[in-house]
Amino acid sequence: MKRKRQILISVLFSIMLIFTAMSFDQSNFDKSAPENKIISKVIPTVTTAKAAVTPYRTPTADPIILLFIWLSSGYNLQPENQYTYVNNSKTLYTDSGRSVVDALLGLLSSPHYTWYQSTDGQTWTQMSQTTKELTVTPTKVGTVYYQQMTRWYGLVPGLLDTIVYSKVAFITTFPSPINATALDVTANDKYLYNNQSSAMTTYVTGTPTPIDSTGNITWKVSDTSLATVDSRTGLVTANTTGKSGTVRVTGTMTNSNGTSVGGYVDIKIGGGLDDQTVDEGKKANFTIQGTFDEKPTNVVWHKVDAAGKDTVVTNSNSDVLTYTTANTVYATDNGTKYYAVVTVTSGDSTTTVTTNKANLTVRKNVVPDVSVNNTIFNSSYEDHNSENTTINNVAENDKIVHRINIKDGNLNSVLTRAEIQIKLPKSSVIDNVKVNNQNFTDYTNVADPNNNQGTILTLRNLNFVITKEFAIEINSTVGKNEALSFNSTVSANGYDTSGNLLGQYIPAQSLQLNFADNSINLQANDWSYKTINSYTENSLIDRSKMENSHLEVVDKRRNKQALTLYLSQREPFKSDEKELNSEMRYYQRDGSYQVLNENGTLVSETTTGQTLDSVAWQDHEGPKLYIGDGVHDAGNYTTQLEWSLVESIK
């Protein structure tokens, strides 16, 4: 579980410069002598650089630790580089451990510590100190390197011993203190388990600014019931009572002048899984927390229902550290618990860790899930679209049926009451209203203030506490209508027990009634031709453009017989008693034409069941005026054309 720590091995290459400066100052300057005037004084910035240091022995690789279980031997706390000043003590702290296998092989063994030092990073000597911690008090400026060996042995050294070597650390000594201006605090692990047989630990580290500050760091925690910390080493130990929360670990570096700087890191304490709360219908994710040096070889997830039944649930992969539930259901998922059994195999060592049981809270979804669907039918005459949302050729005295289905799909919804509004043609007479096949009388039908051709039928107090779905049928008889069509819209307002409006629900479908009264109306519009002069002859004159149709047709016949439409000219163009030498030519789309006369020219025709459309000619078709030879008298010439509509049997 311990993150690999990087040790910066540095050396002060300005040692000789410092010695030279000190010697020069002592031998050549007497500050009390008036003839020795200091012109300038330069204190070089302390500079570090990587040195080619050869360890006494190759450092042992960082251990592999699963939670508190050691899968390999090594150091989980390496000695750190230190900076100090002459006669100021510094301590190198270490911590090491053995793998489960090594510990079993050397069951009666105990650790023994040996320190080695080097002044040049090449030649090493064994120190007399045999303590786990090493405290030194430098008496001169310079850099000294240190490495520790930890050896576990019993009564007979050399028999099944475990030996590990730390990384190399240095202590650099300056002539005077260097004060810190800031402190950055980090933790090897930011999550510690509180539910294992042994207490889980991690180390916090402080990095000052500047890096070579010479102060000492002390540590404290915000809540000792969650975790404790060694004030000197920064060893954080989680509680084993199962108490969860976040503890803040604060480091304070105290400078030699009495000032101090601080920093902190938050560490979460828990059993591996956090409780989850989701809205009903959503998925919940449970993720095993903490850092694993070795990827688990197997993770088995368990679900414990409210009755205590333990069921194994699986992921698609056996080593997945996150389990995602199906869409939650309040009735069956609220109050359930989840936990995981994690197995890690490293070499010959296999370790199993069980997380805490995390609670799943499902918030009951009380938001209404309302759907509204509606259809329309004409019981008297069948002419509708496939969706049953449009009926055509509706005539006076037809029997119309509106069917509305409203449903709240959420069983836990706070919707308790609804009102349905439907817009009907003004001429409609309500025959009866049924709700779930029962006669329903709690309704009103009033004029629509926004449409003088319609009314608003309101069905009140539909009780959604008793049932969650209503099938509504409105039977009416339609009267004579002036409009050609009517848009019958439906909406539903939902309310809670306090009468608060929860929302308005409108179906996706709109209903359309297209009326027929067995009549066909023609409205002919006048048109004119361009002005001609007295000498215009043998010329074809176009009509002036017009926006409306030349013949407007409103075909409201339910039974549409075949029709033929003719246009005829019975009189020539005249101005008073003067007659214009001209003829009206009716041009077809193919460019051919016929001269209009009293017999009539075919304009359009329909087949049985087809609606007759209005007539609007394009510029190149329809009646054009041909001016013949001769001198034409001035005047305003007009004529009368006649439209004839003939019903035919085909």
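Residues numbered from 1 in each chain as written. Predicted model: local features only at pLDDT ≥ 70, side-chain atom pairs only at ≥ 80, totals over all residues. Heavy atoms only, no water.

**Things to note about the pattern of salt bridges**
Going through the model one piece at a time under the given rule, you end up with 22 salt bridges. Close ionic contact of Glu-419 with Arg-417 constitutes a salt bridge, the shortest N to O distance being 3.7 Å. The residue Lys-545 makes a salt bridge to Asp-619 at a minimum N-O spacing of 2.5 Å. Of this pair, Lys-545 sits in the loop between β45 (539-541) and β46 (551-555) while Asp-619 sits in the loop between β52 (601-605) and β53 (622-627); the two residues are 74 residues apart in sequence, bridging distant segments of the chain. (Salt bridge = Lys/Arg side-chain N within 4 Å of Asp/Glu carboxyl O. Helix = DSSP H or I, 4+ residues; strand = E, 2+ residues; numbered from the N terminus.)

**Section: the packing of aromatic side chains**
Pairs of aromatic rings are described using the distance from one ring centre to the other and the angle between the two planes. Enumeration over the complete set of coordinates arrives at 13 aromatic pairs. Taking the centre distance of 6.4 Å and the plane angle of 80° together, the rings of Tyr-145 and Phe-170 count as edge-to-face. Taken as a pair, Tyr-145 in strand β12 (residues 142-153) and Phe-170 in strand β14 (residues 169-174) lie far apart in primary sequence, 25 residues in all. When sorted by exposure, Tyr-145 lands in the same class as Phe-170, which is buried. Both rings, one in Tyr-191 and one in Tyr-193, keep their centres 5.4 Å apart while their planes meet at 75°; by these two values the pair is edge-to-face. Assessed through its relative accessible area of 1%, Tyr-193 is described here as buried. Through a chain of ring-to-ring contacts, three or more aromatic side chains come together here, namely Tyr-83, Tyr-145, Phe-170 and Phe-174. Over the face of the ring belonging to Tyr-264 we find Arg-248, whose NZ or CZ atom lies 3.7 Å from the ring centre. Residue placement shows Arg-585 over the ring face of Tyr-626; its charged tip is 3.8 Å from the ring centre. (Phe/Tyr/Trp six-rings, centres within 6.5 Å; stacked < 30°, edge-to-face > 60°. Buried < 20%, exposed > 50% of the residue type's maximum accessible area, 1.4 Å probe, protein only. Lys NZ or Arg CZ within 6 Å of the ring centre and 35° of its normal.)

**Here's the deal with the nonpolar core**
Val-249, Ile-267, Ile-288 and Trp-301 are the most contacted members of the largest nonpolar core, which totals 44 residues. Counting 23 residues, the second-largest nonpolar core is a separate cluster that includes Val-372, Ile-406, Ile-472 and Val-490. (Core = buried A, V, L, I, M, F, W, Y, C linked by side-chain atoms within 4.5 Å.)

**Observations concerning the environment of Ser-166**
Checked against the element boundaries, Ser-166 lands in the loop between β13 (162-165) and β14. The sequence separation of Ser-166 and Thr-355 amounts to 189 residues, and the corresponding C-alpha distance is 32 Å. In contact with Ser-166, not counting residues within four places along its chain, are Pro-59, Tyr-75, Gln-78, Pro-79, Gln-147 and Gln-148. (Contact = heavy atoms within 4.5 Å.)

**Re the domain arrangement of the protein**
According to the domain assignment, the protein consists of domain 1 (65-174), domain 2 (182-270), domain 3 (276-363), domain 4 (370-515) and domain 5 (519-647). Taking the mean C-alpha position of each, domain 4 and domain 5 sit 48 Å from one another. Contacts between the two partners involve 9 residues from domain 4, matched on the other side by 5 residues from domain 5. Together domain 4 and domain 5 conceal approximately 510 Å² of surface at their shared face, both sides included; 45% is due to carbon and sulfur atoms. There are 0 salt bridges connecting domain 4 and domain 5. (Domains from an automatic or database assignment. Buried area = accessible area lost by both parts, 1.4 Å probe.)

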